[in-house]
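Structure at a glance
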Amino acid sequence: MKNLFFYGDTQPVLDGLNLLQNKLSFTISPIGEQIELIHNEGNLIFKNCGNKRQIYYSEPAHLFRCLTRILNERQPLADYEEAPNFKKVGPMLDLSRNAVCTVDKIKELLLTCSTLGLNQMMLYMEDTYQIPEFPYFGYLRGAYTYAELKEIDTFADYLGIEVVPAIQVLGHLKNPLKWNFTQDIRDTEDILLVNEKKTYQFLEKALIAASSPFKSNRIHIGMDEAHQLGLGKSLEKFGFQNRFNLMNDHLTNVLEITNRLNLEPEMWSDMFFRLGSKTGDYYDQQFEISDEVVSGIPEITMVYWDYYHHQKAEYSRLLANHQTLKKPISFAGGIWTWNGIAPNYGKTIATTNAGLSACKETNVTTIYATLWGDDGAETPIDTCLLGLQLFAEHQFHMFVSQEFLAHQFSLYQGESMESFLLLDSFDQTPGVAKDNPHGSSVSKLILYQDPLLGLYDQTIANYSLKEHYKKLATRLTNCQTTEQSKELFAFYLKLAQLLAKKTDFGRKLRQAYQNNRKDLIPQFQEKVMILMELTDTLRSAHQKIWYAANKPFGWEILDIRYGGLFTRLETTAWRLTQWQQGEPIPELAETILPFDGPYSMPEGIIGRNLYHGIISPSKLSDV
């Protein structure tokens, strides 16, 4: 524990320095090593001046980044300078896909962001903030109270980080719209009814509840992926309407509210491009948006989101397209925490390098690193740490090589990039193209697919996945971890061990049944018991990570999924006994076809799907 004495322009950063003492292992003391703090506009500069050190900083997060480097460098630090490329950069936490981070976990992430020099955080909350007038909004979903959001914002402010609330004011509202209080404001099952007075009465309460805990007057209002806009109750009530006009009408009505509340709104940009495309494709080069439509768009910042393209030229083209809307542009890239049950670092690195390089050349000033949690937030949030380092280095450097990123990850977070990249191997398997551009989720497919039905058995049959996961388990056993990351890697080790056992189980069982190899039944019965044990240990490890980071609400879904895995293995054991007694097993008599749908399967992709599309062709729920 080092003793440090800070003097000079300490007032703007004193609270943050106090918060960082434990994380960075230092104590503020009048007899400590002297560090002069000099607040000035411009670059982050460190100078070694004999018996004292100087840090020139323009904002707190930049200072904390420099201090982290000073304390973590093994050798005396030479003078250096870093020039920020963006005005604002930081993560967007998806708190709407069942995993709602605890206040303490968000504080932990804020501390990490501050040590990297990241200065903003967006909280994406579809229905996970409380609206006092509507108690069913966020009911049993872990919705944040005003006090919780205020506590987060105050903590972030001490660290010089701006927290921006992000909500939805049009689509992506399937969860709250299922309750009866929304009957009069519902267009479709997930889209609000435009030009309905009650809709805007509700939205005013929502905007007040979402914005009032925060010092920032910025707010993200969503409005993306409203594919069925105007095609539900709106169609019945008002008839078919021009959908560009509907977007502009709704935006105008919402901005009347945000103006009254003195808020500065921003929105996802995709719906304008989708409506201008004959195919509904956000990234369609052949889009058409008339000058009349553009002139009718109210003043608002457009957030261009793109975590798909691997070439800088694609981002440059799409940024140019956005300029035709004649509105301020921000950019949202992605740290692929939503690939399945493991992160997709190959795609994260490729898309971030390309996207942020284009943003630097286009003078985009605000950058978000989205951490989506699609299909249940199965991927632990700490897998974002490597991606956060990548975004931070792009903030302070024009080019970020793999070697430099590895060095910085070790320097600032004490973690091994080589170890973290092992997690990429869960889905970067034989048969998957380099950097997993199509988002294959091989590990999720194998984990959840049914041992008796085996929807993906034929699809994966030609790849040596068993050996792949056995080798991965060995490498995870021997990889370098820290106190912070050891539980994360323990979970992934158990996943690799389970996948190595399960990958070919169903295929070999089917083959044995169709060849009438009853002599192999005891072997399969033993394997079922092993799989049941591994499944239970994996669930326990996952549960431990979840409860350490998130509120309990939402875990019940993963409990149900793990429970389904376990009980289907029990059923498999029972069916093996029936086969042994001479009963036919129709499930195993079926010929398994290659998986087909809902996504195309070009060369280089093994498959990607949501949970309900992996476990069975039968309906999980609904009519």
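Before going into details, it helps to say that this report is about the structure given with it. Everything numeric here is computed off the predicted structure, so don't read it as measured data.

1. What to know about helix α12 (residues 345–362)
- In a regular helix each residue adds 1.5 Å, so 18 residues correspond to 26 Å; α12 covers 25 Å between its end C-alpha atoms and thus fits that length.
- Buried residues dominate α12, accounting for 14 of its 18 residues.
- With a side-chain oxygen lying 3.0 Å from the backbone nitrogen of Lys347, the N-terminal cap of α12 falls on Asn344.
- Of the residues flanking the end of α12, it is Asn363, one or two places downstream, whose phi is positive at about 60°.

2. Details of the environment of Cys479
- Among the structural elements, Cys479 can be located in the loop between α18 (465–477) and α19 (486–502).
- Sequence separation of Cys479 and Thr366 is 113 residues, and the distance between their C-alpha atoms is 36 Å.
- The residues touching Cys479, leaving out its near neighbours within four places in the chain, are Ser419, Leu422 and Phe489.

3. Observations regarding unusual backbone geometry
- Even without glycine at this site, Asn98 takes up a positive phi of about 95°.
- Within the secondary structure layout, Asn98 lies in the loop between β7 (88–94) and α3 (103–116).

4. With respect to a nonpolar patch on the surface
- A grouping of Tyr136, Tyr139, Leu140 and Phe553 is seen on the molecular surface, where their side chains present a nonpolar patch of about 400 Å² in accessible area.
- Structurally, the position occupied by Tyr136 is in the loop between β8 (120–124) and α4 (146–158).

5. Digging into the packing of aromatic side chains
- This model, assessed by the stated rule, comprises 39 aromatic pairs.
- An angle of 80° between the planes, with centres 4.9 Å apart, marks the rings of Tyr124 and Trp372 as edge-to-face. Residue Tyr124 is located in strand β8, and its partner Trp372 is located in the loop between β14 (366–371) and α13 (385–396); the two are separated by 248 residues in the primary sequence. Trp372 carries the same exposure label as Tyr124, and that label is buried.
- Among the aromatic residues, ring-to-ring pairing joins Phe273, Tyr282, Tyr283, Phe287, Tyr304, Trp305, Tyr307, Tyr308, Tyr315, Phe331, Trp336 and Trp338 into one connected group.
- Across the ring face of Tyr80, the terminal group of Arg69 is positioned such that the distance to the ring centre comes to 3.9 Å.

Basis of the calculations
Residues numbered from 1 in each chain as written. Predicted model: local features only at pLDDT ≥ 70, side-chain atom pairs only at ≥ 80, totals over all residues. Heavy atoms only, no water. Helix = DSSP H or I, 4+ residues; strand = E, 2+ residues; numbered from the N terminus. Expected span 1.5 Å × (residues − 1). Buried < 20%, exposed > 50% of the residue type's maximum accessible area, 1.4 Å probe, protein only. Polar contact = N/O pair within 3.5 Å; in protein donor to acceptor, adjacent residues only side chain to side chain. Contact = heavy atoms within 4.5 Å. Patch = residues over 30% accessible without salt bridge, like charges linked within 9 Å, V, L, I, M, F, W, Y side chains within 5 Å. Areas by Shrake-Rupley, 256 points an atom, 1.4 Å probe, with all protein chains shown as cover. Salt bridge = Lys/Arg side-chain N within 4 Å of Asp/Glu carboxyl O. Phe/Tyr/Trp six-rings, centres within 6.5 Å; stacked < 30°, edge-to-face > 60°. Lys NZ or Arg CZ within 6 Å of the ring centre and 35° of its normal.

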